[in-house]
Amino acid sequence: MFQTKHGNPIHFIIEGERGIGKSSLLFLVSNFASGRIKPLGGADLNFLVIPVELGNVASQLEIVRAIARQFKSELQRIQAKVEAAKSVWEFLSNWEVLGVRYHKQSEVVEPESVRDELADKMAEFCEKAEFDGIFIAIDEADAPSSEAGLGEFTKYFTERLSRIGCNNVVFGLAGLPVLLDRIRSSHPSAARIFNLLSLSPLAPDERKEVVRRGLSEANSKNDRKTSISDDGLDLLAELSEGYPHFIQQFSYCAFEADTDDDIDALDVVNGAYDKDGAIAQLGSKYFDDLYYGKISSERYRNILNSMADFGDQWLSRKQILNLSGESSTTVSNALNALKTRNILIADPTRQGFYRLPTRSFAAWINAVKSVEDRKGASDSYRLPLSKGDGD
Ligand SMILES: Nc1ncnc2c1ncn2[C@@H]1O[C@H](COP(=O)(O)OP(=O)(O)OP(=O)(O)O)[C@@H](O)[C@H]1O
Ligand SMILES: [Mg+2]
């Protein structure tokens, strides 16, 4: 943002697995950009922030429309304050691209001209209004398919801006790791304009800090103060494996399970394992279908369990055989079945190497195992299994 303010926009992509914190980071940056939050030791910023939801738009024309609509509504919000916003807002209000009539003809309209018009209006705004620039924040940018042309759009749009001398518009995209491929397959050199920021799980100390801050926030609001023991904190850090969404869920459930205002390891285990506890919650949101729905054999699950210790690393068939202790036939059948159902990924460059699709899936399986070990299998968390499919 600081660079963009000074005429050197660095467009960026925040990429990472589900629940790793992409939207949160984009939201925080948006708040820095608009000046609502001042970054520690950072500069005062005053950008016009345009948060864009693309949904599953199908064409560049629809991308232009989605951005223009949000641009218009942000301008409307500040119009009273900024005289310069008026003319741009009036243009957008009368722009056929945003009208219904245009929509019907959209198939025959070339996207280039409307893309350029939008770029020109943004440049006009940047020149006239007393803002540092414009920040276009696109969350879930992986939602549109590559045919929608987001890569091509950002490339030509930003090129147009710099050609007409506007260097204060910056794009920030957030999405799953497939986003970069989508951008690239939309236009081979579109990926080049972005700086890639890959989010990885939080380090152990950071995980504990998240829990401590959450508790102190709660204690500032509640009459009853809650503390947490070291073993409780350690276990939360371990079970979450650094996924912010996991930390939130395990902590929330431990807080619920606690009865004596001091969260210890047993509260964490109970919170994780209760009927509607953290493992069930995370499972039903992300993993149940993979782990239970698509597999009816305990043996196959055992194979996934043994692989989970290695996160999403590649493992050879032989390693899997040793780790799981299952027979050679079972392992062969399982690998085939799991691969077909997209529960395991086969290495396209080496025969006989497999891995779990994501590290968070591995982390969740590890949490299930760890809590199962602690609690004993007696009242273990089980979902109603879907109909068996022959394995
Ligand atoms: N750095 C962080 N510290 C603590 N909690 C965080 C952090 N980042 C994100 N969270 C929390 O983790 C959860 C998931 O975050 P968020 O929705 O931003 O992830 P995401 O990557 O956008 O997920 P999705 O792929 O599902 O869109 C939220 O509850 C959020 O508050
Ligand atoms: Mg998100």
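For the structure, check the block above.
Residues numbered from 1 in each chain as written. Chains lettered and ligands numbered in written order. Predicted model: local features only at pLDDT ≥ 70, side-chain atom pairs only at ≥ 80, totals over all residues. Heavy atoms only, no water.

Colleague: Residues and numbers for the environment of serine 186, please.
Modeller: Summarising the element assignment, serine 186 is placed in helix 8 (residues 178-186). Other than its neighbours up to four places away in sequence, serine 186 contacts Ser146, Gly149, Leu150, Gly151 and Glu152. Of the polar contacts made by the side chain of serine 186, one reaches the backbone nitrogen of glutamate 152; its length is 2.9 Å. (Helix = DSSP H or I, 4+ residues; strand = E, 2+ residues; numbered from the N terminus. Contact = heavy atoms within 4.5 Å. Polar contact = N/O pair within 3.5 Å; in protein donor to acceptor, adjacent residues only side chain to side chain.)

Colleague: Kindly report on helix 10 (residues 230-240), identifying the contributing residues and their values.
Modeller: Buried residues of helix 10: Gly232, Leu233, Leu235, Leu236, Ala237, Leu239 and Ser240, and no others. At the C-terminal side of helix 10, glutamate 241 shows a positive phi close to 50 degrees. (Buried < 20%, exposed > 50% of the residue type's maximum accessible area, 1.4 Å probe, protein only.)

Colleague: Hey, could you go over the pattern of salt bridges for me, with residue numbers and the actual values?
Modeller: Evaluation of the coordinates by the stated rule reveals 18 salt bridges. Here arginine 301 ties to glutamate 298 by a salt bridge, and the two come within 3.4 Å at their closest N and O atoms. Here the residue arginine 301 and the residue glutamate 298 both occupy positions in helix 14 (residues 298-308), the gap between them amounting to three residues, near one helical turn. The partly exposed category is assigned to glutamate 298, whose relative accessible area is 49%. Several salt bridges share partner residues, and in doing so they unite Asp116, Asp120 and Arg160 into one network. (Salt bridge = Lys/Arg side-chain N within 4 Å of Asp/Glu carboxyl O.)

Colleague: Talk me through the site of ligand 1; I want residue IDs and the actual numbers.
Modeller: Around ligand 1 sit 13 residues in total, of which Arg18, Gly19, Lys22, Ser23 and Ser24 are the nearest. Taking glycine 19, its main chain carries an N or O atom lying 2.9 Å from an oxygen atom of ligand 1. Between ligand 1 and the protein, one listed contact pairs an oxygen atom with a side-chain N or O atom of serine 24 at 2.6 Å. Within the complex, the protein chains bury 69% of what would otherwise be the 630 Å² of accessible surface of ligand 1. For the shell around ligand 1, the elements supplying multiple residues, two or more each, are helix 2 (22-34) and helix 11 (244-257). Residues that form the shell around ligand 1 fall into these classes: three nonpolar, six polar and four charged. Three or more residues apiece are contributed to the shell around ligand 1 by two domains, here domain 1 (2-198) and domain 2 (204-274). (Near = heavy atom within 4 Å. Areas by Shrake-Rupley, 256 points an atom, 1.4 Å probe, with all protein chains shown as cover. Nonpolar A, V, L, I, M, F, W, Y, C, P; charged D, E, K, R; others polar. Domains from an automatic or database assignment.)

Colleague: Hey, could you go over the packing of aromatic side chains for me, with residue numbers and the actual values?
Modeller: As enumerated under the stated definition, the model contains 18 aromatic pairs in all. Between phenylalanine 246 and phenylalanine 287 the ring centres are 6.2 Å apart and the planes differ by 80 degrees, which places this aromatic pair in the edge-to-face class. With phenylalanine 246 in helix 11 and phenylalanine 287 in helix 13 (residues 278-293), this pair connects stretches of sequence that are 41 residues apart. Comparing phenylalanine 246 with phenylalanine 287, the two get one shared label, buried. Pairing tyrosine 291 with tyrosine 292 gives two aromatic rings, centres 4.9 Å apart and planes at 85 degrees, and the pair type is edge-to-face. Here tyrosine 291 falls in the buried class, since its relative accessible area comes to 5%. On the basis of relative accessibility, which here comes to 3%, the residue tyrosine 292 falls in the buried class. (Phe/Tyr/Trp six-rings, centres within 6.5 Å; stacked < 30°, edge-to-face > 60°.)

Colleague: If you had to explain the nonpolar core to someone new, which residues and values would you point to?
Modeller: Counting residues in each nonpolar core, the largest one holds 52 residues, and the members touching the most others are Phe71, Leu75, Met122, Phe125, Ile134, Ile136 and Leu173. Residue assignment for this core shows that the elements contributing at least two residues are strand 2 (47-53), helix 3 (60-78), helix 4 (83-93), helix 6 (111-128), strand 3 (133-139), helix 7 (150-163), strand 4 (169-175) and helix 8. Those residues in contact with isoleucine 136 that lie beyond four places of it in its chain are Ile50, Val52, Ile67, Met122, Phe157, Val169, Val170, Phe171 and Gly172. By size, the runner-up hydrophobic cluster in this structure holds 51 residues, among which are Leu235, Ala278, Trp364 and Val371. (Core = buried A, V, L, I, M, F, W, Y, C linked by side-chain atoms within 4.5 Å.)

Colleague: Mind laying out the sheet that holds strand 2, listing which residues take part and the relevant values?
Modeller: Strand order in the open sheet formed by five strands is 2-3-4-1-5, and the pairing between neighbours is parallel. Each end of this open sheet is capped by a strand with a single partner; those strands are strand 2 and strand 5 (194-198). Across the sheet, the mean angle from the axis of one strand to that of its neighbour is 20 degrees, orientation sign disregarded. Two elements, strand 1 (residues 11-15) and strand 4, share four bridges in a ladder whose sense is parallel. Bridging from a neighbouring strand, glutamate 15 pairs with glycine 175 of strand 4. Helix 7 rests against strand 1, strand 3, strand 4 and strand 5 of the sheet, and its axis sits at about 165 degrees to strand 4. (Pairing = 2+ DSSP bridges. Axes fitted to C-alpha atoms, helices over the stretch in contact; angles between N-to-C directions.)

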